[in-house]
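Structure assessment
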Amino acid sequence: MAQFALDTGVSILTFFEGYFSISYPLPKQDMFAIPDFAAGAMENWGLITYRESSFLYDSSISTTSNLQRVGIIVSHELAHQWFGNLVTPSWWTDLWLNEGFASYMEYIGLNHAQPSWNMLDQFVTVDLQHVMGVDALSSSHPISIPVENPSEINEIFDDISYSKGASIIRMMSHFLTEATFNAGITNYLNGRAYMAADQSQLWEYLTVEAHRTGTLPADVTVQEIMDTWTLQMGFPVVTVTRTGDGTTATVTQNHFLLSSEASSNSTWWVPLTYFVQSDDGYDVIDETNWLVDTEMDITGLPPSQNWVIFNFQQTGYYRVNYDINNWNSIINQLSTDHSIISAINRAQILDDAANLARAGLLSYKTALDAHVYLSEEKDYVPWYSVIRNMKYIESMFSSTANYSIMQEALQNQVVTRYNDLGFTEGLEDSHLTLLQRTLIVSWACLLELPDCLTTAGTLFENWVTAGGLETTVAANLKSTVYCVGIAEGTSADWDFAWQVARSTNLASERDLLLSALGCSKNQTILANYLEMAFTEDSGVRKQDSSRVFAAVASNDEGRQLAWDYLNLNFEAITAYSNSFLNAGSYIEAATEELNTAEELNELIAFKTKYSEILGSAARATDQAIERVSTNVAWMQANYDLLLDLVASATSMSG
C-alpha cells in the first residue's frame, strides 16, 4: 500500500533536485506511516512521518481523491527538505516561507509526476479561490505577522500561511517569469543554506535576478511589490469600466470584503494581465500593466462588442468586476462557445461573479446568468468552483420554509452533467473524470435528486448484503453511497457501518465511514456519535475527533446538535484533544452555516464565556462571528431576491 508513495517520492525528489539545481544532501530519505498521528505529515529531515491515510493507497479500495492526496502530501513534505530544512525561517513571523512554498511546490512536483492530472489548474480552485473566502473577512491577517507567544504560533498554521502564501508565490513566479523566479530561488537556497532567513532576504535575491534579466525596472524591487501582499491582509477587487466605444478602460482597485459594513484604504501592486476577443478566438496581451495607485487607464482595447477578460489564467491574487456591457459579452461567449475561454478562466469568471454578488458588488441576476451555459460544461475545474459557491446558497436556504424551491433550481443546474456521468465508471475514465463524477454525484445526492438517492440506496443495500466487502461499491462513489445509505437507513445500518469502520485495516476506508456515519438523520444517534468522538476507548481515535465533529456539524439534522455540544463542552473538548490546533476547526465547522440573529448572539456569548481559554482559537472565533454576521446580512439582502429570481426565470438551469 506504500508503493504509490514510494514511486511518487522518488520521482519528485529527483525532479526537485533538478528544479532547484541543488542536490538532496542526505544519503537517504525514509518515509513512515504512523497509526495515530494528529498532523497530516511532518517533514523531519531524512525521516518524514505521515498519518496512514496520507500515505497508504490500495488501488482496489482507495478513492482517486485519496490517491491525489497521498501524492500532494508526499510532494509537500519533500519540498520542505529545501524550504524549511535546508533554509529555515528566522522566526515564526515568516512561517509562510516554509508552508507557502511547500504548498505551491507540492503542485509543481506532483504535476511533474502525474502531468495528466492537471494539478496546476486544480491549484486555482483548491487553494487560491478557497483561501480568498477566508481572506475576504476583516478578521483575516497578513501572511507575515509578528508572533510573541506560543498560542500565536498555533494560530498562524492556517489557510493564510499555506494557501495564500502559495497563491502569491505563484503570482510572483508569473510576473517575474518562471525562469527568473527559479534562478532567484536557487540563489536564495544556495546563499542561505544551513542558515535562517526572513522574507526580506528572499526579496533581495529575487530582485537581483529580476534586474539582471530585465523582468523588473531598475527602480522597482520585489520587496516594494510583495510587501503590499505580505504585510497587509486581504486582496483587491479590480473593477474594469470601459468607455462607450470600448477601446479604453478605467481600472480601479478596492479592498474586497464580504461585509458591506467593513472598509479599508489598502492598495496593492496589482499585476494586470488580460486577453481580448478576436476574430479567431482571443489574443493575450503579453505586457503586464501595474496598477499601483487606486486608478489607471488602459487603452488599445477592442470595440465594445468584443469582450475583455482580466487576470489571465487567474495568476493574480485578486477578483475582477466589469461594467454590465462587458459582463453581458462574457456571458454571451460562455453561452455560444465557452471553449474559447480556458477552463481556469471559466472557473475564475464563475467564482468572481458568485462572490461579487455575495458581497453586493454585482447583481445576482448577472451572476446566475453566467451559469446558464453549464449544461455544456464538461471540465472538472469550473464545476468545482460552481459547486463550492452554490453550496453556500444551498446552506443558507437549507433550514428555511422555501428550501424546496432553491433545491429544485440547483437540481436543474446539475442534472445534465449528472446524467452524463452517472454512477458507472468506465475503464478509460481519466483521473479528472473520476474526480468530477465523485463531485457531481455527491452534490446531486445532497440536493436529493431522486435518481441519485435511489441508485445510492441500492448500492448501499448491496454493500450491507455483501457483509461490508470493501470492493462492493466503486471506491470513488463510497462517500456518497455510505452517506445516503446511513441517512436513509435504520439504526441497524448505522451499527453495521460502525463495525466495518472499526474493523477495516485501511485508513482511507475508515475515514470515509467515519464521515458517512455523521450523515444519519437520527438525532439520538448523532448525539451519541458526538460523545464518542471525545471519549477514551470509544473506538474513535483522537486524531479523528475533528472528522467526526465536522461530519455531524455539516449535516442539517446535526448542525444544532454540534453547535450546542461545542458551546457546552468547549473546555472539555480542548482538554481531551490536548491541543488547541483543532479548536479553531471545531468552531468553524459548528458555525459555518449559522445565519440568524439569535445564532449570532449565541456565538458572541460563546466568545465571552470562553475568552480566557480560547488561546489559538481566538482568531477562528472572531472569523466565525464575522462570517455569521455576513450570513445574517446576506439573508436579509438576498433571500427574497433569490426566491423571486429562481421562481420567475431559469437563470440557474444548466
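Figured I'd write up the structure that's included with this text. This is a predicted model, so every value here is computed, not measured.

This next bit is on the side chain of H338. Along the polypeptide, H338 turns up in the loop between α10 (324-337) and α11 (343-358). Those residues within four positions of H338 in sequence are excluded, and the remaining contacts are Q333, R346, Y373, E376 and E377.

The mixed open sheet is built from 4 strands, whose spatial order is β10-β7-β6-β12. Every other strand in the sheet has two partners, leaving β10 (295-298) and β12 (319-322) as the edge strands with one partner each. Between one strand axis and the next, the sheet turns through 25° on average, direction left out of account. Relative to β12, strand β6 (residues 236-242) runs parallel, the two sharing 4 bridges. In the strand pairing of β12, V240 is matched with Y322.

Tallying each qualifying case throughout the model produces 2 disulfides. Paired by a disulfide, C445 and C452 hold their sulfur atoms 2.0 Å apart. Residues C445 and C452 are joined through a disulfide that is left-handed, its torsion about the S-S bond being -100°. C483 shares a disulfide with C519; S-S distance 2.1 Å.

Looking now at the nonpolar core. Core analysis: the biggest nonpolar cluster contains 201 residues, and F20, W82, L189, W229, F310 and L566 have the highest contact counts within it. In terms of residue count, helix α25 (residues 618-648) provides more of this core than any other element does, 11 residues in total. If you look at the next biggest cluster of nonpolar residues, it comprises 5 residues, including I145, V147, I153 and I156.

All right, on to the sheet that holds strand β8 (residues 270-278) then. Strand order in the open sheet formed by 3 strands is β9-β8-β11, and the pairing between neighbours is antiparallel. On the outer flanks of this sheet lie β9 (281-291) and β11 (308-310), each paired with one strand and no other. Averaged over all pairs of adjacent strands, the angle between strand axes in this sheet comes to 25°, irrespective of strand direction. Direction of pairing for β8 relative to β9: antiparallel, over a ladder of 8 bridges. Bridging across to β9, Q277 finds its partner in Y282.

The probe, sized like a water molecule, is rolled over the atoms to show the empty space still left. Estimates place the volume of the second largest pocket at around 360 Å³. Lining the second largest pocket are 18 residues, and of these L258, S259, S260, T630 and A633 lie nearest its centre. At the level of elements, α11 and α25 are the ones that each hand at least two residues to the lining of the second largest pocket. At 7 residues, the largest contribution of residues to the lining of the second largest pocket is made by α25. The residue inventory of the lining of the second largest pocket, partitioned by class, reads 8 nonpolar, 7 polar and 3 charged.

Right, let's get into the packing of aromatic side chains. Under the counting rule described, the total for this entry stands at 51 aromatic pairs. Here the aromatic rings of Y19 and F20 are separated by 5.6 Å at their centres, their planes lie at 85°, and the arrangement is edge-to-face. One exposure class covers both Y19 and F20, and it is buried. Where F275 meets F312, the ring centres are 5.3 Å apart and the plane angle is 70°; that geometry is what we call edge-to-face. You can see F275 sitting in strand β8 and its partner F312 sitting in the loop between β11 and β12, a full 37 residues away along the chain. By relative accessible area, F312 is classed as partly exposed at 23%. Among the aromatic residues, those joined into a ring-pair cluster are F15, F16, Y19, F20, Y24, W82, F83, F101 and F181. When the ring centre of Y392 is taken as origin, the NZ or CZ atom of R358, which lies over that ring, is 3.5 Å away.

So, about empty space enclosed by the protein. Throughout the structure, instances matching the rule amount to 2 cavities of 30 Å³ or more. A354, N355, R358, Y364, N389, M390, Y392 and I393 are the residues that line the largest cavity. Take the lining of the largest cavity: its biggest share by element is 4 residues, from helix α13 (residues 380-397). Within the lining of the largest cavity, the residues separate by chemical class into 5 nonpolar, 2 polar and 1 charged. In this model, the second largest cavity occupies a volume close to 50 Å³. Contributing to the lining of the second largest cavity are W82, F83, G84, V87, T88, P89, L97, N98, Y188 and L189. Put simply, the parts of the chain that give the lining of the second largest cavity at least two residues each are β4 (87-89), α3 (95-113) and α7 (178-191). Considering every element that reaches the lining of the second largest cavity, the biggest residue donor is β4, with 3 residues. Looking at side-chain class alone, the lining of the second largest cavity contains 7 nonpolar, 3 polar and no charged residues.

Thresholds, definitions, all that
- Residues numbered from 1 in each chain as written.
- Predicted model: local features only at pLDDT ≥ 70, side-chain atom pairs only at ≥ 80, totals over all residues.
- Heavy atoms only, no water.
- Helix = DSSP H or I, 4+ residues; strand = E, 2+ residues; numbered from the N terminus.
- Contact = heavy atoms within 4.5 Å.
- Pairing = 2+ DSSP bridges.
- Axes fitted to C-alpha atoms, helices over the stretch in contact; angles between N-to-C directions.
- Disulfide = S-S within 2.5 Å.
- Core = buried A, V, L, I, M, F, W, Y, C linked by side-chain atoms within 4.5 Å.
- Buried < 20%, exposed > 50% of the residue type's maximum accessible area, 1.4 Å probe, protein only.
- 1 Å grid on protein atoms, 1.4 Å probe; cavity = no way out; pocket = protein on both sides within 12 Å on 5 of 7 lines; lining within 4 Å.
- Points joined across faces, edges and corners; volume = space filled by probe spheres on them.
- Nonpolar A, V, L, I, M, F, W, Y, C, P; charged D, E, K, R; others polar.
- Phe/Tyr/Trp six-rings, centres within 6.5 Å; stacked < 30°, edge-to-face > 60°.
- Lys NZ or Arg CZ within 6 Å of the ring centre and 35° of its normal.

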